[in-house]
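# Examining the three-dimensional arrangement
Listed below are the residues making up each chain.
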Amino acid sequence: MGILDKNRHLEEADKKYVWHPFTQMQEWEAETPIIITEGQDCFIKDIYGRWYLDGVSSLWVNIFGHRKKEIDDAIRDQLGKIAHSTMLGLSNAPAIELAEKLIRTVQKPDEALSPHPPFVKVRPEGGDSTRFTPHASLTKVFYSDNGSTAVEVALKMAFQYWKHRGFTGKNSFLSLNNAYHGDTLGAVSVGGVDIFHNAFGPLLFKTFKAPSPYWYRCELGEDCTTCGIACAKKMEDTLRHHHEEIAAVIIEPLVQAAGGMIIAPQGYLREVRRLCSKYNILLIADEVATGFGRTGKMFACEHEDVAPDIMCLSKGITGGYMPLAVTLATEEIYTAFLGEFRELKTFFHGHSYTGNPLACAAALACLDIFEKEETLKKLLPKTDILEEKLKNISGLAHVGDVRNKGFMAGIEMVKNKETREPYAWEDKMGWKVARHARNNGVFIRPLGNVIVLMPPLSISNENLVRMLVVVKDAIISATS
Ligand SMILES: *Cc1c(COP(=O)(O)O)cnc(C)c1O
């Protein structure tokens, strides 16, 4: 087969055999798919040799670019030893070393990796101190292989923790509107993005909901400069009445990512931590999207000196090389599961690829790169460039809001800038912009009317500027 025949075959076979995620396949089949064969730095190449700047880091995972030598080498070295061995009844060196390094990193992010101050443990305030959850830093690592399973683990862990402590009524969770925690049924139950989640309503367990801290479209009709975080007060109303039923609050710290890059007002996360401590509820921080430098610090919780009881990490953990996730827990939670076997306190959960050595080796290499290349320090001036160019885009006629936290950015398109009237979702405005950008060599994937920009943390200033020029032009083309 000649190269052109081979390309044609791939295109046809894709349509014939592959069912793509989050994709209306009828539309997909009507078009020619872009098939990627190679990557280098922040670029990806298709079968015809066309290069695209990867503006969303292969869906938020690829933080150091493609073909990063240190990660390539780490996986190759590990491949020379063993590719996989189970964690059920055995252990393996990369999984142990990574667990140790991750715990050192969350406990002392400054010393291990970044120039920022260490976690300050938030002390519970007010109320009867005997009712508080004892608060300590994260000390244990539970492995799984994607963000959704990391969340499933967190939910089951929180639920069972209270059972072991004799609290039989804590059978529910509180989550936020516009939250996204993954696609498995437990994760969907704590989700709040109607367009993804409504279809599965009858299958989901019931949860308590709190408003999304979304200043541009506040559910409570408040102005975020004067409201004193009214959405957190609303959460407190629910916690006050239902804390005996709630095992945990689950939250995407600082940025509700898949919900549309919604950035919480300063102080919101800290207030949620305070409320959880006050009402004897665990705090699950789902840092699957925000973790590993995305927000400018290693973990988003650091921005407000918040220590969660459980933390979920995935996406950036292996630099976008291998599927891997972890759920971190405090010593307090871990010890509640200890006992004689017959007491049935064991955490009955585990996956075939738990603690995969190749993935753990890749993740160890990534943590080394953060240290050696001072990734977070170098991100600061790049974030300044991003913010400056975003400001420039915010003046466009159909741009309602631009927002970013570090290297997570969203541009919200609106039909009417004065009234903030959104484009109807069927208009697919985000997709139109993405199409224009793709035709000019930049790959992005929108969330409804929100243009998402999540380039690799390692992107050069020059490529960052180039991406933003293309995106600005694409917005102008799509809306004129
Ligand atoms: C992507 C994401 C998940 C789900 O991760 P998968 O690896 O896609 O299952 C969970 N939580 C958050 C915050 C995410 O952004």
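Residues numbered from 1 in each chain as written. Predicted model: local features only at pLDDT ≥ 70, side-chain atom pairs only at ≥ 80, totals over all residues. Heavy atoms only, no water.

### Focus on the environment of Asn439
Here is the rule we go by: Here a helix means four or more residues in a row that DSSP labels H or I, a strand means two or more in a row labelled E, and each is numbered from the N terminus.
By secondary structure assignment, the location of Asn439 is in helix α15 (residues 429–439). Spatially, the C-alpha atoms of Asn439 and Ala474 are 9.1 Å apart, while their sequence positions differ by 35 residues.

### Thoughts on the side chain of Asp309
Formally: Accessible area is worked out with a 1.4 Å probe on protein chains only. A residue is then buried under 20% of its type maximum, exposed over 50%, and partly exposed in between. Polar contacts here mean pairs of N or O atoms no more than 3.5 Å apart (in protein, one a potential hydrogen donor and the other a potential acceptor; neighbouring residues in sequence count only if both atoms are side-chain atoms).
Within the fold, Asp309 resides in the loop between β10 (282–286) and β11 (310–313). Asp309 sits in the buried class, given a relative accessible area of 1%. A distance of 2.8 Å separates a polar side-chain atom of Asp309 from the backbone nitrogen of Leu283.

### Points about the packing of helix α5 (residues 93–107) against helix α13 (residues 357–372)
When two helices pack together, their arrangement is captured by the angle between the axes and the distance separating the axes. The criterion, for reference: Lines fitted to the C-alpha atoms define the axes, with helices restricted to the stretch that makes contact. Angles between their N-to-C directions range from 0 to 180 degrees. A crossing counts as left-handed when the near helix is turned anticlockwise from the far one by less than a right angle, and as right-handed when that turn is clockwise. The contact rule is simple, with two residues in contact once any of their heavy atoms fall within 4.5 Å. Polarity classes work like this: nonpolar for Ala, Val, Leu, Ile, Met, Phe, Trp, Tyr, Cys and Pro, charged for Asp, Glu, Lys and Arg, and polar for all others, with Gly in that last group.
Direction vectors running N to C along α5 and α13 enclose 35 degrees, while the axes themselves pass 8 Å from each other. The chirality of how α5 crosses α13 is left-handed. In this structure, α5 uses Pro94, Ala95, Glu97, Leu98, Lys101, Leu102 and Thr105 to contact α13, whose residues at the interface are Pro357, Cys360, Ala361, Ala363, Leu364, Leu367, Asp368 and Glu371. Looking at the contact of α5 with α13 residue by residue, the classes come out as ten nonpolar, one polar and four charged.

### A closer look at the pattern of salt bridges
Cut-off, in case you're wondering: Salt bridge, as used here: a side-chain nitrogen of Lys or Arg that lies within 4 Å of a carboxyl oxygen of Asp or Glu.
Taken as a whole, this structure holds 22 salt bridges when the rule is applied. Notably, a salt bridge pairs Arg76 with Asp73, separated by 3.1 Å at the nearest N-O pair. Taken together, the positions of Arg76 and Asp73, both in helix α4 (residues 69–79) and three residues apart, correspond to about one turn of that helix. The residue Glu332 makes a salt bridge to Arg165 at a minimum N-O spacing of 3.4 Å. Of this pair, Glu332 sits in helix α12 (residues 331–336) while Arg165 is found in the loop between α7 (147–164) and β5 (172–176), placing the two residues 167 residues apart along the sequence.

### Notes on α13
Each α-helix turn comprises 3.6 residues. Residues three or four places apart therefore point the same way. Going by this rule: Expected helix span is taken as 1.5 Å per residue step, with the number of steps being one fewer than the number of residues.
For α13, built from 16 residues, the straight-helix expectation of 22 Å at 1.5 Å per residue is met to within 8% by its first-to-last C-alpha distance of 22 Å. Burial of α13 is extensive: 13 of the 16 residues sit out of reach of the surface. The distance from a side-chain oxygen at the start of α13 to the backbone nitrogen of Leu358 is 3.3 Å, and the residue carrying that oxygen is Asn356.

### Things to note about the site of the ligand
We count it as follows: Near residues are defined by distance, with any heavy atom within 4 Å of the molecule or strand qualifying the residue.
Taken together, Trp60, Asn146, Gly147, Ser148, Tyr180, His181, Gly182, Glu252, Asp286, Val288, Ala289 and Lys315 make up the full set of residues near the ligand. Asn146 places a polar side-chain atom, nitrogen or oxygen, 3.3 Å from an oxygen atom of the ligand. Asp286 has a polar side-chain atom sitting 2.7 Å from a nitrogen atom of the ligand.

### With respect to the confidence of the model for the protein chain
Put simply, the test is: pLDDT: the predictor's confidence for each residue, scored from 0 to 100.
Averaged over all residues, the pLDDT of the protein chain is 93; the fraction at 70 or higher stands at 94%. Across residues 112–135 the pLDDT falls below 50, and counting only partners more than four positions away or on other chains, this stretch makes 63 contacts in the model.

### Looking at the domain arrangement of the protein chain
The condition that has to hold: Boundaries of every domain are those given by an automatic assignment or by a domain database.
The domains assigned to the protein chain are domain 1 (34–64 + 374–479) and domain 2 (77–372). The C-alpha-based centres of domain 1 and domain 2 are spaced at 27 Å. Across the contact, 35 residues belong to domain 1 and 34 residues belong to domain 2. Between Glu412 and Arg217 there is a salt bridge, with the nearest N and O atoms lying 2.7 Å from each other. Between the two partners, domain 1 and domain 2, sit 15 residue pairs in polar contact (both at pLDDT 80 or more). Counting only elements with at least two residues in the side of domain 1 that touches domain 2, the list comes to α3 (57–60), α14 (375–394), β13 (399–405), β14 (408–416), β15 (421–422) and β17 (450–453).

### Some points on unusual backbone geometry
Unlike most non-glycine residues, Ser58 shows phi in positive territory, near 50 degrees. The exposure class of Ser58 is partly exposed, given its relative accessible area of 34%. Here the phi dihedral of Trp60 falls at roughly 75 degrees; this positive angle occurs in a residue that is not glycine. Inspection of the secondary structure assignment puts Trp60 in helix α3. Trp60 sits in the buried class, given a relative accessible area of 7%.

### Let's talk about the nonpolar core
As a reminder, the rule being used: Put simply, buried Ala, Val, Leu, Ile, Met, Phe, Trp, Tyr and Cys residues joined by side-chain atoms within 4.5 Å make one nonpolar core.
Trp60, Met235, Tyr268, Phe292, Ile411 and Leu453 are the most contacted members of the largest nonpolar core, which has 108 residues in total. It is α13 that contributes the most residues to this core, eleven residues altogether. Split by domain, this core shows at least three residues from each of two domains, domain 1 (34–64 + 374–479) and domain 2 (77–372). The contact partners of Met235, leaving out residues within four places of it in the chain, are Leu174, Leu176, Ala210, Val249, Tyr268, Val272 and Leu275. Within the second largest apolar cluster, 27 residues are counted, among which are Ala150, Ala158, Trp162 and Cys312.

### With respect to the sheet that holds β10
Let me state the cut-off plainly: Any two strands are treated as partners once DSSP identifies two or more bridges connecting them.
If you trace the seven strands from one edge of the open sheet to the other, you get β4-β12-β11-β10-β7-β5-β6, paired in mixed fashion. Strand pairing shows two members of the sheet lacking a second neighbour, β4 (138–144) and β6 (208–210), which therefore form its edges. For this sheet, the mean inter-axis angle between neighbouring strands, taken without regard to orientation, is 20 degrees. As judged from the three bridges shared by β5 and β6, these two strands associate in the parallel manner. Looking at β6, one finds that Ser175 is bridged to Lys209. Contacts between α7 and the sheet are confined to β4, β5, β7 (246–251), β10, β11 and β12 (325–330), with β12 contributing the most and set at about 25 degrees to the helix.

### Here we look at the sheet that holds strand β16 (residues 442–443)
Strands sit in the order β1-β2-β3-β16 across an open sheet of four strands; the sheet is mixed. Each end of this open sheet is capped by a strand with a single partner; those strands are β1 (36–40) and β16. Here four bridges tie β1 to strand β2 (residues 43–46), and the two strands are oriented antiparallel to one another. Residue pairing for β2: Glu38 is matched across the bridge by Lys45.

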